[in-house]
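Breakdown of the fold
Residue strings, one per chain:
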Amino acid sequence: MRVGIDSLRRQGFSLLKGRRVGLLSHQAALTVSGATSAQLLHQALGKRLVALYGPEHGFFGQAGAGEHTYTRKHPDWGIPVYSLYGERRKPSPEMLAGIDAVVCDLQDLGVRCYTYLATLLNMMEACAEAGVEVIVADRPIPLPKTVDGPMLDARHTSFVAPCAVPMVYGMTPAETARWIKSKLGLEVRLSLVPMEGWSRKDAAWDGSRPDWLPPSPGIKTWEAAMTYAATVFTEALPGIDCGRGTNLAFRVFGAPWMNAGGVRALLSGGAWGIGGVKFHPYRYTAGVAPYAGQEIDGVRLAVTNPSRFCPVRTSVAILHALDIVQGDAGTAMWQMLGGDMRVFERHNQHIRIWQDEGARPEWFDKLYGGEQTRSVLQSTRHLPSLFAAWLEDRKPFLRERKRALLYT
């Protein structure tokens, strides 16, 4: 298969002939030869590649989550590398001055709170205002068939929830750009360079495409890209570790107080409609605060069927299982069974993750695009009704998405 940038090269860069070009990308955007998209375009266009734009984590991909980056000169080429995750998150007219077309080539995940969606949207809006064409070179996403999670409540629109898509929306970057143009009615000149030889059933990283480089420091592997939406809630609930600072970031979860066996048993029991994933015991040493250096008896997620795996539904099931095993429900269950509470407290620390020091319920709402998910988890705990509401709310989006798809 060919990713979009390699298809653009095979076409002789005809879309860029005689034009001054900007590139929104990062070092994770590789070609089949192993070069980056920026290196390929610099070699092909020479001085007609006049500007680079970097998303969160920076064009060179070295900044941490939420860390601001700064505009600088490229150390070898002398052209500006504009930061779109610093003082500005939308290109200014000055950043687009003298540019005829912007090529967008980002390795995205198809997850609403992964900020490359917001950066693509901002670039398209800025180019519409400046009369600059947008050319999107397409790349695979890890869960191309999956649409999962709540729709955005417009009151919670933010940089991690920029537009009305579900939390996992199952569109590649080119399909997303096509959807954005139609949904928002943007009067932007948009050209798409689809992949060749790729279909939605091709969700595994099987070696027939460019090498994988992390699009952000925490997404070290294709497997982490698949499970990211299942464990990203830990950004708001740091009492639960997700393996940041280890090689399994976003693929594990745990805490020194967690009854990993009990949680794993609940998740593996077939309740709540969780499929396409297995939960395995995994003991590891936490890499970041608050448990840095502590050994954790955790749980590892292994996606067994990407077409059936629903990561947002899985994330809610994880939190519900933690509440049952560790929280008020766990206490009540132990008492009902006549257990010795001294034993319970010794082996199952009674912890309330929402009130834990460092918990950010407001950030959880931003990640999930509204208060609905947290409200259900904290009160009724009736997951089937929550999942049914998600399904009903996203029906209009599914019709819009179908019109935007480029691949079967």
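Everything here concerns the structure above.
Throughout what follows, the structure given in this document is the object of discussion. These figures come from a predicted structure and were not determined experimentally.

**Focus: the overall build of the protein**
- The secondary structure content of the protein amounts to 14 helices and 10 strands.
- Dimensions of the protein, computed from C-alpha atoms along their principal axes, come out at roughly 80 × 45 × 40 Å.
- Residue pairs in contact within the protein that sit at least 24 positions apart in sequence constitute 72% of those at least 6 positions apart.
- If you sum the accessible surface of the protein, you get close to 16,600 Å²; carbon and sulfur atoms cover 49% of it.
- Between the mean site of the 46 positive side-chain charges and the mean site of the 38 negative ones, the protein shows a separation of 6 Å.

**Considerations on the sheet that holds strand S10 (residues 295-303)**
- Read from one edge to the other, the open sheet built from 3 strands follows the order S8-S10-S9, with strand pairing classed as antiparallel. Only two strands of the sheet have a single partner each, and these edge strands are strand S8 (252-253) and strand S9 (277-285).

**Some points on unusual backbone geometry**
- Cis peptide bonds are those with omega within 30 degrees of zero, and the linkage from Ala289 to Pro290 qualifies with 10°.
- Even without being glycine, His57 reaches a positive phi, approximately 80°.
- One can find His57 in the loop between strand S2 (49-54) and strand S3 (72-73).
- Residue His57 is classed as buried on the basis of its relative accessible area of 7%.
- A positive phi is found at Phe250, a non-glycine position, where the angle reads about 70°.
- Within the secondary structure, Phe250 sits in the loop between helix H6 (222-231) and S8.

**Quick notes on the pattern of salt bridges**
- Counted under the stated rule, the structure contains 14 salt bridges.
- For Glu400, the salt bridge goes to Lys183, with nearest N and O atoms at 3.0 Å. You can see Glu400 sitting in helix H14 (residues 395-404) and its partner Lys183 sitting in helix H5 (residues 173-184), a full 217 residues away along the chain.
- Measuring nitrogen to oxygen at the nearest pair gives 3.8 Å for the salt bridge that ties Asp297 to Arg283. Pair noted here: Asp297 is in strand S10 and Arg283 is in strand S9, with a separation of 14 residues, a long-range link.

**Re the pairing of strand S1 (residues 21-25)**
- Of all 5 residues making up S1, 5 are buried, and the element is well covered by its neighbours.
- Neither face of S1 is exposed, since Val21, Leu23 and Ser25 on one face and Gly22 and Leu24 on the opposite face are all buried.
- Taking the sense of rotation as the criterion, the β-α-β connection linking S1, helix H2 (residues 37-45) and S2 turns out right-handed.
- The sheet contact formed by S1 and strand S5 (residues 101-105) spans 5 bridges and is parallel. Following the sheet pairing, Gly22 is matched in S5 by Val102.

**Brief notes about the environment of Gly66**
- Summarising the element assignment, Gly66 is placed in the loop between S2 and S3.
- When its relative accessible area of 43% is taken as the criterion, Gly66 is described as partly exposed.
- Once the C-alpha coordinates of Gly66 and Asp6 are considered, the two residues, 60 residues apart in sequence, prove to be 31 Å apart.

**Quick look at the side chain of Arg401**
- Along the polypeptide, Arg401 turns up in helix H14.
- The charged side chain of Arg401 is buried without a salt bridge, its nearest counter-charge being Glu175 at 6.1 Å.
- Residues in contact with Arg401, not counting those within four places in the same chain, are Pro144, Lys145, Val147, Tyr169, Gly170, Met171, Trp179 and Arg200.

**Considering the packing of aromatic side chains**
- Applying the stated rule across the entire model yields 13 aromatic pairs.
- Note on Trp179 and Phe397: the rings are 6.0 Å apart at their centroids and 65° apart in plane angle, and the pair reads as edge-to-face. One end of the pair, Trp179, is in helix H5; the other, Phe397, is in helix H14, with 218 residues separating them in the sequence.
- The interplanar angle of 50° and the centroid separation of 5.2 Å between the aromatic rings of Phe387 and Trp390 together place this pair among those described as tilted. Taken together, the residues Phe387 and Trp390, both in helix H13 (residues 383-393) and 3 residues apart, mark about one turn of the helix.
- The buried category is assigned to Phe387, whose relative accessible area is 4%.
- Through successive ring pairs, a cluster of aromatic residues spans Tyr114, Tyr116, Tyr228 and Phe250.
- When the ring centre of Tyr85 is taken as origin, the NZ or CZ atom of Arg89, which lies over that ring, is 4.2 Å away.
- The positively charged end of Arg89 is found above the aromatic ring belonging to Phe159, 4.5 Å away from the centroid.

Rules used in this analysis
Within every chain, residues take consecutive numbers counted from 1 along the sequence as written. It should be noted that, the model being predicted, local features are given only for residues of pLDDT at least 70 and side-chain atom pairs only at 80 or more, the latter also being counted only at that level, while totals for whole chains, interfaces and linings use all residues. The basis for every side-chain value is the complete set of heavy atoms in the structure, and neither hydrogens nor water enter the calculation. Helix and strand assignments come from DSSP, with helices taken as H or I runs of at least 4 residues and strands as E runs of at least 2, each series counted from the N terminus. Contacts are residue-level and defined by heavy atoms, with any inter-residue pair within 4.5 Å sufficient. Computed by Shrake-Rupley with a 1.4 Å probe, the accessible areas treat only the displayed protein chains as cover when residues are assessed. Positive charge is attributed to Lys and Arg, negative charge to Asp and Glu, and no charge count is given to His or to the chain ends. Think of each charge as sitting on NZ of Lys, CZ of Arg, CG of Asp or CD of Glu. Any two strands between which DSSP finds at least two bridges are classified as paired. The cut-offs for exposure are 20% and 50% of the maximum accessible area for each residue type, with area from a 1.4 Å probe on protein chains only; residues under the lower value are buried, those over the upper are exposed, and the others partly exposed. Here, a salt bridge means any side-chain nitrogen of Lys or Arg that lies within 4 Å of a carboxyl oxygen of Asp or Glu. Orient the strands so they point away from the viewer, and a crossover whose first-strand-to-second-strand path over the helix runs clockwise is right-handed. In this analysis, rings of Phe, Tyr and Trp, with Trp reduced to its six-membered ring, are considered paired at centre separations within 6.5 Å, and the interplanar angle assigns stacked below 30 degrees, edge-to-face beyond 60, and tilted for intermediate values. Only when the NZ atom of a Lys or the CZ atom of an Arg is both within 6 Å of the ring centre and within 35 degrees of the ring normal do we say a charge sits over the ring.

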